[in-house]
Amino acid sequence: MRKTRFGTVAAMAAVAALAMTACGGSGGGEGDADSIRIGIKFDQPGLGFKDGDNYTGFDVDVAKYVATELGYTEDQIEFVSAPSANRETMLQNNQVDMIFATYSITEERNKVVDFAGPYFVAGQDLLVSTDSDITGPEDLNGKTLCSVTGSTSAQKVKDTYAENTNLQELPGYAECVTQMSGGTIDAVTTDDIILAGLAAQPAYQGNFKVVGAPFTEENYGVGLPEGSDKCGDINAAITKMIESGAWEEALNANTEGTGYTPNAETNPPTLGDSCA
C-alpha cells in the first residue's frame, strides 16, 4: 500500500513540475530559456561599460529592454565582452545569443551573420574642447586629430576633408581625450554617440562637445547568428521602446551634459519585421 501511495505522490509531483515549467516562460520563444547571453563592449563609456558587477550605457539599456520584451528578467541576462574583432566569430560559435556593441550593419558582415535593427543611426563626427572653433572636418588642416590604433576614421578625414591634418593614433579613445585635456590634441574622431558617451563621463563633463556635423552614416544593429528567427520580435521590441519614450530617455541619460543630439533625419530609426 505504501508503495502505491508513494508512486501516486511522485506522479502528482511530476505533473506539477511540468505545469510549472510550462507556465514559467510567459514571454515565449527565447524567454523559455534560463538565461540569455548578450555581447556588449566592456570599455566604451556611455554605450557599453563594465564597472565591477554593473553594466551601463545606451547599448546596455536597449539590450535590457529587448531582453525583457523577449521574456527574460534582468537577472537572466548574462553580459559577455564582445570586442569588435571577435563579434562575428562569437555569433558563429554560439558564444552569445545576440550582440549590442556599436555593431554597424554592413554588406560584408551580413554574409556571415544576421542583424535586427538598426536601433540607432550614428555618424562619424568630432569631439573638441568646448571653446574650440572647429565646426567640421574641413577645419582640421594644421590641427592634430586623434583616433584609435587600427581605425580608418582619422585617415578618412585626412583623405577626404583636410589633407594637412596631423594624425595621432592611441590605444583607446580615453587616451585621446586625456591628451586633448592637456592641449596636445585638437580633436578626436569616431562615431558621434561614442564621442558623446566619452564627453558625458564625470571627469570630462563640461570640457568637451560633439561638433554635431556627422559626415558618415552607421546603422547600429543587433548581431544575431545567421538564420535567426528572432529579428521580427527584436524589431518589435525596439519599436516599442522608441514609441514609449524609453529609447529617448536612455539616450539622454547616457549623453547628459554634452549638448549632443542625434541626427534627427535618421533617428529614431524606423524598423521593419525582417532582418536588416
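Quick note: structure is the one above.
From a predicted model like this one, the values you see are computed outputs, not experimental measurements.

K.L.:
Hey, could you run me through the packing of aromatic side chains in this one?
P.N.:
The geometry of an aromatic ring pair is captured by the separation of the ring centres together with the interplanar angle, meaning the angle of the planes. Taken as a whole, this structure holds 12 aromatic pairs when the rule is applied. An angle of 50° between the planes, with centres 5.6 Å apart, marks the rings of Phe42 and Tyr55 as tilted. Placement of the pair is Phe42 in the loop between β1 (36–40) and β2 (43–44) and Tyr55 in strand β4 (residues 54–56), with a sequence separation of 13 residues. Residue classification places Phe42 among the partly exposed residues on the basis of a relative accessible area of 23%.

K.L.:
Help me understand the packing of helix α7 (residues 231–244) against helix α8 (residues 246–254) in this model?
P.N.:
Packed helix pairs are characterised by how far apart their axes lie and by the angle those axes make with each other. Two elements in contact, α7 and α8, have axes separated by 4 Å at closest approach and are oriented at 75°. In this view, α7 runs roughly perpendicular relative to α8, as classed from their interaxial angle. Contacts from Met241, Ile242 and Ser244 of α7 reach α8 at Ala246, Trp247 and Ala250. Its residues assigned to classes, the contact of α7 with α8 comprises five nonpolar, one polar and no charged.

K.L.:
Please explain unusual backbone geometry as it appears in this structure.
P.N.:
Among all residues except glycine, the phi angle is most often negative; among peptide bonds, the trans geometry is most common. The peptide bond linking Gly117 to Pro118 adopts the cis configuration, its omega dihedral lying at 10°. Here Pro118 lies in strand β7 (residues 113–122). Here the bond from Asn267 into Pro268 is cis, since omega is -10°, no more than 30 degrees from zero. In this fold, Pro268 is placed in the segment after α8. Not every positive phi belongs to a glycine, and Thr102 is a case in point at roughly 40°. On the secondary structure map, Thr102 appears in the loop between β6 (98–99) and β7.

K.L.:
Honestly, the nonpolar core in this entry has me stumped. Any pointers?
P.N.:
Within soluble globular proteins, side chains that are nonpolar tend to cluster in buried spots. By size, the foremost hydrophobic cluster in this structure holds 53 residues, and its most contacted members are Ile38, Phe58, Phe120 and Ile193. Among the elements that make up this core, the one with the highest residue count is helix α2 (residues 58–69) (seven residues).

K.L.:
Could you clarify how one ought to interpret the side chain of Thr258 in this entry?
P.N.:
Its place among the elements puts Thr258 in the segment after α8. Classification of Thr258 as buried rests on a relative accessible area of 6%. Within the structure, the side chain of Thr258 is placed 3.2 Å from the backbone nitrogen of Tyr260, a separation counted as a polar contact. Ignoring sequence-local partners within four residues, the contact set of Thr258 consists of Ala196, Ala199, Ala200, Lys209 and Val210.

K.L.:
Is there a simple way to explain a negative patch on the surface in this structure?
P.N.:
A cluster of like negative charges, contributed by Asp131, Asp133, Glu138 and Asp139, occupies part of the molecular surface. One can find Glu138 in the loop between β8 (124–129) and β9 (144–148). A residue is classified by how much of its surface remains accessible, and Glu138, at 48% relative accessible area, is partly exposed.

K.L.:
How do you make sense of the pairing of strand β10 (residues 166–170) when you look at a structure like this?
P.N.:
Across a regular strand the side chains alternate sides, sitting on one face of the sheet and then on the other. Sheet topology note: the β9/β10 ladder contains five bridges and is parallel. In the strand pairing of β10, Val148 is matched with Leu170. Viewed along the sheet, the connection from β9 through helix α4 (residues 153–160) into β10 turns out right-handed.

The rules behind these values
- Residue numbering note: each chain is counted from 1, following its sequence as written.
- In keeping with the model being predicted, local features are shown solely for residues with a pLDDT of at least 70 and side-chain atom pairs are shown and tallied solely at 80 or more, while totals for entire chains, interfaces and linings include all residues.
- The side-chain quantities take in all heavy atoms of the structure and omit both hydrogens and water.
- Aromatic pairing here means that ring centres of Phe, Tyr or Trp (its six-membered ring) are within 6.5 Å. Orientation follows from the plane angle: under 30 degrees is stacked, over 60 is edge-to-face, and everything else is tilted.
- Secondary structure elements follow DSSP: runs of H or I no shorter than four residues count as helices, runs of E no shorter than two count as strands, and numbering proceeds from the N terminus.
- Note on exposure labels: buried denotes an accessible area under 20% of the residue type's maximum, exposed denotes more than 50%, and partly exposed covers the range between, all computed with a 1.4 Å probe on protein chains only.
- Interaxial angles span 0 to 180 degrees and are taken between N-to-C directions of axes, which are lines fitted to C-alpha atoms, for helices over the stretch in contact.
- Throughout this description, any angle smaller than 35 degrees is read as roughly parallel, any larger than 145 degrees as roughly antiparallel, any in the 65 to 115 degree range as roughly perpendicular, and the remainder as oblique.
- Here, residues are in contact when the closest pair of their heavy atoms is within 4.5 Å.
- Only Asp, Glu, Lys and Arg are considered charged in this grouping, and only Ala, Val, Leu, Ile, Met, Phe, Trp, Tyr, Cys and Pro are considered nonpolar; every other residue, Gly among them, is considered polar.
- Nine residue types can take part in a nonpolar core, namely buried Ala, Val, Leu, Ile, Met, Phe, Trp, Tyr and Cys, and a core is a set of them joined through side-chain atoms within 4.5 Å.
- For the purposes of these results, a polar contact is taken to be a pair of N or O atoms within 3.5 Å, where, inside protein, one atom must be able to donate a hydrogen and its partner to accept one; residues adjacent in sequence count only when each atom of the pair is a side-chain atom.
- Residues enter patches when their relative accessible area tops 30% and they take part in no salt bridge; the joining distance is 9 Å for like charges and 5 Å for the nonpolar side chains Val, Leu, Ile, Met, Phe, Trp and Tyr.
- A 1.4 Å probe and the Shrake-Rupley method give the accessible areas. Residues count as covered only by the protein chains that appear here.
- Each reported salt bridge corresponds to a side-chain nitrogen of Lys or Arg within 4 Å of a carboxyl oxygen of Asp or Glu.
- Positive charges come from Lys and Arg alone, negative charges from Asp and Glu alone, with His and the N- and C-terminal ends not counted.
- Here the site of a charge means NZ on Lys, CZ on Arg, CG on Asp, or CD on Glu.
- Any two strands with at least two DSSP-identified bridges between them are counted as paired.
- When the strands point away from the viewer and the connection leading from the first strand across the helix to the second strand turns clockwise, the crossover is called right-handed.

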